[in-house]
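Residue strings, one per chain:
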Amino acid sequence: MSKGLLIDITQCVGCGACQEACVEANGMLPEADETRLSGDRYTIVQETPLADGETRYVRKLCMHCEHPTCASVCPVGAFSKTAEGPVLYDEGKCIGCRYCMMACPYEIPRYEWESRNPRVRKCVLCAPRLAEGLPTACSEICPTGATLFGERKELLEEAHRRIREQPELYVQQVYGEVEGGGTSVLFLSDRPFSEMGLPGNLPSHAMNEYTEAVLSKLPNVVVVGGSLLSGLYWIINRRIEQTKERNRERESAEGGGR
Amino acid sequence: MRLKITFWKIVFAVIVALGIYGVVLRFTQGLGAATNLSDEFPWGLWIGFDLLCGVGLAAGGFTMAAVVHVFNVKRYHSVVRPAILTAFLGYVLVILALLVDLGRPWFIWHPIIMWNHHSVMFEVAWCVMLYTTVLAVEFSPAVLERFKLRRLLGIVRRSLPFFVVAGVLLSTLHQSSLGSLYLIVPNKLHPLWYSPLLPVLFWLSAVTVGCAMVILESFLSQQAFGHALPRHVREGLASMALVLLIPYALLRILDLLQRGALSLAFRPGLEGAMFLLEVGLGVLLPLALLLSSRVRASAPGQLGGAVLIILGFVLNRMNVGITGMEATIRAGYFPAWTEVAVTMMIVALGFAGFSLAARHLPVFEHQAADDLVEVRKEAKAKERWEGRGADLPTGYPSP
C-alpha cells in the first residue's frame, strides 16, 4: 500500500523534466530559482561534480521517511506519515517553531521567510495524484526511467535485482532502505552516496528513538522526583516541628523548676 | 543621582525603540526581513539566547524555592522572593520572545489542544506554560501582602509546598528537555557539544547557573536598592555553586573522553576556540577560584565566580544553538542587527520589570524582617542545644 520512488542515479541525464512537471503539478512559479529547494521548487536536480571530473545528477526532494523526524518533533503534530507513503503537512496546525527544519536529517523543509503567515513547504509525493490512482508527476514524465514509481516493497526488490545483476556498476547499498529507519524515496548509485550529497552518517534506525527514549523516562522522573521531594519535605518539617516541640517542653520545664 | 537615572532612562528608551522597530519589521515583512535566518539555519539568536539562555538563567527560582521551602534551609529565605521574581519575569520574557520568533505566534496555544507526546517541543511548551503559572502563584504572596488580601494569602501560603514541588519537577523536565531538543540531530551538531547526556548536562548547568544568578542579582540589588545580603548567605550560595560545578565539569570532561571528542577541542578553528573559551573560562576557572574558601568569602570573589559561571553558561547555550550547528550545516549565520535589537529590548524589559516590582512590591523588606526573626530563633535554639552539650538534631537548619 505504501508508495515510493526509486531514483537510479546511473540513469539520470539531468534533463530537468521532473522539476518542470513538479512545478506544473503543484501550481508553482515557473520562474523561481532552480538551484535550491523552495516553496516553488519541491524538487531540484543537482549537478554533482565528482573528484575524477565526471558528473552525476542527483535529485533532491523530501525522502518521505518511514518514521519521519519532522512528524516526531512537531509539537502540534502538523506532520503525519500517511499509509499511502507521503509525509504531509497541515498548515492549520503549524505554530511556526521550525523544529521540523532543524530535525530533518536531509535538510528538506523550506520556510516562507518573507510571508506574514509563513508555511513550511516540501514535496508531498503528489498525494492528490496518488489519491486519483496516478503516479507522481516527476516519475510519470521521466524520459529515462531514472525515477520509478511504485510500491516501496516492490521498488526495493527491483533495486536489489539491479544490484545483483550489475554488481560491478552499483554501490552495494539501496540508500533509504534502512537509513534513519528507512525512507519511501530510494536511491541507487554507482558512486559512494556521500559524494552524492546524501548524509552518510545516519543510523540504521529511526532518529526519533534518540528523543523518544528520553521522553519515555519522564513519567519516572516525575513519580520518583515527586515522591522524593515530598518525602524530604515531610521528614525535614516533621523534625523541625519536633525540635520546636521539645524546645517548648524544655522551656516550660525550666520555667516550672525555677 | 537624578542625572544618572535620566541617562539610564534614555538608554532604556533607545533600546526599546530599536527593539520595537525590529518587532514591527518582523510582523509587517516577515521573519526574512528582520532576521538572518535561512532554510539551512532556521534557529538563531532568539532561540539560542532568548529561549535557551533565558530559561536557564531563570533557574534560580526553582533552586532557591526548593532549598528554602522543601529542604527548609531558612537562612536563604531572603533570596527566594527576588529569585522567583527574576524567574517569573524571565519566563514571561521568554514567551514574549517566542511570540516574535514563532512564524505563527497567534497559534501559540495550539499545543494545549493538539497533542504530540513524541515531541520534546510539545513537552517544553507544556512545562513552560505550567511553570510560568506556578511562578505566578509562588510570587503572588508579594502582591497579596501589598494589597493586604489576608485570606487569599493564607490559602497560597498553605498550598505553597505543593506548588514548589510541582515547580521543581516542571523545571527539571523542561530544563533538561531543552538539551533533549538537540538529541535528534546527531549528524548536525558538532561532537564537542552533541552528547547523549545533553539533557543531564543542561539540567545540571541550569541549576548551577541558578545559584550564580542569585549571587549576581544580590550584588545588583545592593547597587540599585541597597538591600545587602548577609555575608554568610552569599558565601553559602558560592559553596552551593561550587558543589554543583564540580560534578558538571567532571561529567562534561568524562563524556568528551568517552566519546573520544576531547581532542577536537585542540584543533585550530572556531569550534575548538569557542569550546576552550566556554569550558576554560566559564567552568574550570570559576571552579578553581571557588575551591578557595577565601575567594568564596570575599565579595569580589563571589561576584567574579558568579559572572564567570554565567558567562560559561551563556557560551554553552550559544555554542549548542549556533556555533555547533553552523559547523556542519555549511551555512553561515550571524544575527541581523534587528535580531540583536529585539533581544536587547527583551533583556531591558526584564531589568525594568524587576526594578518596577522591587519598588512597588515587598520583594526585599518583608523578607528581611522575616529572616531576622528566623536567624534569632536559630541562634537561640543553637545556644540551648550547645548549652546542654547535645548535637543539633540532623535535618535542623544549622545557622
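Above this text sits the structure in question.
*Asks:* What exactly am I supposed to notice about the pattern of salt bridges here?
*Replies:* Between side chains of opposite charge, a pair can form as their charged atoms come close. All told, the structure shown has 26 salt bridges over all chains when counted by the stated rule. In this structure, R56 of chain A engages E54 of chain A in a salt bridge whose closest nitrogen and oxygen atoms are separated by 3.1 Å. For R56 of chain A, a relative accessible area of 11% translates into the label buried. Looking at E54 of chain A, the relative accessible area reads 38%, which means it is partly exposed. When the shortest N-O distance is used, the salt bridge between R110 of chain A and E40 of chain B registers 3.3 Å. With R110 of chain A in strand β6 (residues 110-111) and E40 of chain B in the loop between α2 (31-34) and α3 (45-57), this pair bridges two chains. Owing to a relative accessible area of 24%, E40 of chain B belongs among the partly exposed residues under this scheme.

*Asks:* Just to check I follow, could you spell out the pairing of strand β2 (residues 44-49) of chain A for this structure?
*Replies:* Walk down a regular strand and you will see the side chains alternate between the two sheet faces. Residues and elements named next belong to chain A. In the sheet, β2 pairs with strand β3 (residues 55-60) via 6 bridges, with the strands oriented antiparallel. Bridge pairing in β3 links E47 to Y57. Counted along the chain from β2 to the antiparallel partner β3, the turn is 5 residues long, and its residue G53 has a positive phi close to 90 degrees.

*Asks:* Help me understand the interface of chain B and chain A in this model?
*Replies:* Accessible area lost upon the coming together of the parts is a frequently used measure of interface size. Each partner contributes to the interface: chain B provides 67 residues, whereas chain A provides 63 residues. Both faces considered, chain B and chain A share a buried interface measuring about 5,700 Å² in area, 60% of it formed by carbon and sulfur atoms. When the buried area of chain B at its contact with chain A is split by residue, D39, R104 and I184 of chain B rank highest and sum to 15% of it. The interface formed by chain B and chain A contains 6 salt bridges. E91 of chain A serves as the salt-bridge partner of R104 of chain B, at 4.0 Å between the closest nitrogen and oxygen. The tally of links from chain B across to chain A stands at 27 residue pairs in polar contact (both at pLDDT 80 or more). Where the side of chain B that touches chain A is concerned, the elements lending two or more residues are α1 (2-29), α2, α4 (60-70), α6 (110-113), α7 (120-146), α8 (150-180), α13 (299-329) and α15 (365-387) of chain B. Counting residues per element, the side of chain B that touches chain A draws most heavily on α8 of chain B, at 8 residues. A class-by-class count of the residues in the side of chain B that touches chain A yields 39 nonpolar, 19 polar and 9 charged.

*Asks:* What am I meant to see in the sheet that holds strand β1 (residues 3-8) of chain A here?
*Replies:* Hydrogen bonding along the main chain pairs the strands of a sheet, whether they run parallel or antiparallel. Residues and elements named next belong to chain A. The strand order across the open sheet formed by 3 strands is β8-β1-β9, and the pairing between neighbours is mixed. What marks the edges here is a single partner per strand, and that holds for β8 (147-151) and β9 (185-188). On average, each strand axis in the sheet is inclined to that of its neighbour by 25 degrees, with strand direction left out of account. Examined bridge by bridge, β1 and β9 share 4 bridges and lie parallel to one another. Residue pairing for β9: L6 is matched across the bridge by L186. Sitting on the sheet, helix α6 (residues 152-165) is in contact with β1, β8 and β9, with an inclination near 130 degrees to β8.

*Asks:* Can you walk me through the state of the cysteines in this structure?
*Replies:* Two cysteines whose sulfur atoms are joined by a covalent bond form what is called a disulfide. Taken as a whole and judged by the stated rule, the model has 0 disulfides over all chains. Here C100 of chain A is not cross-linked by a disulfide; its sulfur's nearest cysteine counterpart is in C97 of chain A, at 6.4 Å.

*Asks:* Please clarify how the nonpolar core should be interpreted in this entry.
*Replies:* A general feature of soluble globular proteins is that nonpolar side chains tend to end up buried together. With 180 residues, the main nonpolar core has F79, Y99 and F187 of chain A together with M64, Y182, L189 and L237 of chain B as its most contacted residues. Broken down by element, the residue count for this core peaks at 13 residues, all from helix α9 (residues 198-225) of chain B. Counting 9 residues, the second-largest nonpolar core is a separate cluster that includes L156, Y170, V174 and L186 of chain A.

*Asks:* Would you mind showing me how to read α13 of chain B here?
*Replies:* An α-helical turn contains 3.6 residues, so any two residues separated by three or four positions project in the same direction. All names here are of chain B. An ideal rise of 1.5 Å per residue puts 45 Å on 31 residues; α13 measures up with 44 Å between its terminal C-alpha atoms. At N319, α13 shows its maximal kink, close to 50 degrees. Here α13 lies mainly inside the structure; 22 of its 31 residues are buried. Between the side-chain oxygen of the N-cap and the backbone nitrogen of G301 there are 3.1 Å, and the N-cap of α13 in question is S298.

*Asks:* Which parts of the structure should I look at to understand unusual backbone geometry?
*Replies:* Of all residues except glycine, most have a negative phi; of all peptide bonds, most are trans. All names here are of chain A. Of note, the phi angle at H64 is positive, near 50 degrees, even though the residue is not glycine. Secondary-structure assignment places H64 in the loop between β3 and α2 (69-73). Judged by relative accessible area, H64 falls into the buried class, the value being 0%. Although it is not a glycine, E107 sits at a positive phi angle of roughly 55 degrees.

*Asks:* In this structure, what is going on with the environment of N316 of chain B? I would like to understand it.
*Replies:* Residues and elements named next belong to chain B. Looking at the secondary structure, you find N316 in helix α13. Using a relative accessible area of 5% as the deciding quantity, one classes N316 as buried. Each residue touching N316, except ones within four places of it in the same chain, is listed here: W193, F202, Y248, R252 and E278. Of the polar contacts made by the side chain of N316, one reaches the side chain of R317; its length is 2.7 Å.

*Asks:* Looking at this structure, I do not really get the packing of aromatic side chains. What am I missing?
*Replies:* Any pair of aromatic rings gets described here by the distance separating the centres and the angle formed by the planes. Under the definition given, this model contains 16 aromatic pairs over all chains. Each ring, one from Y111 of chain A and one from W113 of chain A, has its centre 5.0 Å from the other, and the planes form 65 degrees; the classification is edge-to-face. Relative accessible area serves as the criterion here: at 6%, Y111 of chain A is assigned to the buried category. Relative to Y333 of chain B, the ring of F41 of chain B has its centre 4.9 Å away and its plane inclined at 10 degrees; by these criteria the two rings are stacked. Separated by 292 residues along the polypeptide, F41 of chain B in the loop between α2 and α3 and Y333 of chain B in the loop between α13 and α14 (337-360) bring together distant segments of the chain. Of the two residues, F41 of chain B and Y333 of chain B, both sit in the buried class. Grouped by ring-pair contacts, the aromatic residues Y99 of chain A together with W43 and Y182 of chain B constitute a single cluster.

Criteria and thresholds
- Residues numbered from 1 in each chain as written.
- Chains lettered and ligands numbered in written order.
- Predicted model: local features only at pLDDT ≥ 70, side-chain atom pairs only at ≥ 80, totals over all residues.
- Heavy atoms only, no water.
- Salt bridge = Lys/Arg side-chain N within 4 Å of Asp/Glu carboxyl O.
- Buried < 20%, exposed > 50% of the residue type's maximum accessible area, 1.4 Å probe, protein only.
- Helix = DSSP H or I, 4+ residues; strand = E, 2+ residues; numbered from the N terminus.
- Pairing = 2+ DSSP bridges.
- Contact = heavy atoms within 4.5 Å.
- Buried area = accessible area lost by both parts, 1.4 Å probe.
- Polar contact = N/O pair within 3.5 Å; in protein donor to acceptor, adjacent residues only side chain to side chain.
- Nonpolar A, V, L, I, M, F, W, Y, C, P; charged D, E, K, R; others polar.
- Axes fitted to C-alpha atoms, helices over the stretch in contact; angles between N-to-C directions.
- Disulfide = S-S within 2.5 Å.
- Core = buried A, V, L, I, M, F, W, Y, C linked by side-chain atoms within 4.5 Å.
- Expected span 1.5 Å × (residues − 1).
- Bend = angle between axes of the 7 residues up to and from the residue.
- Phe/Tyr/Trp six-rings, centres within 6.5 Å; stacked < 30°, edge-to-face > 60°.

Purely geometric numbers; function is a separate question.
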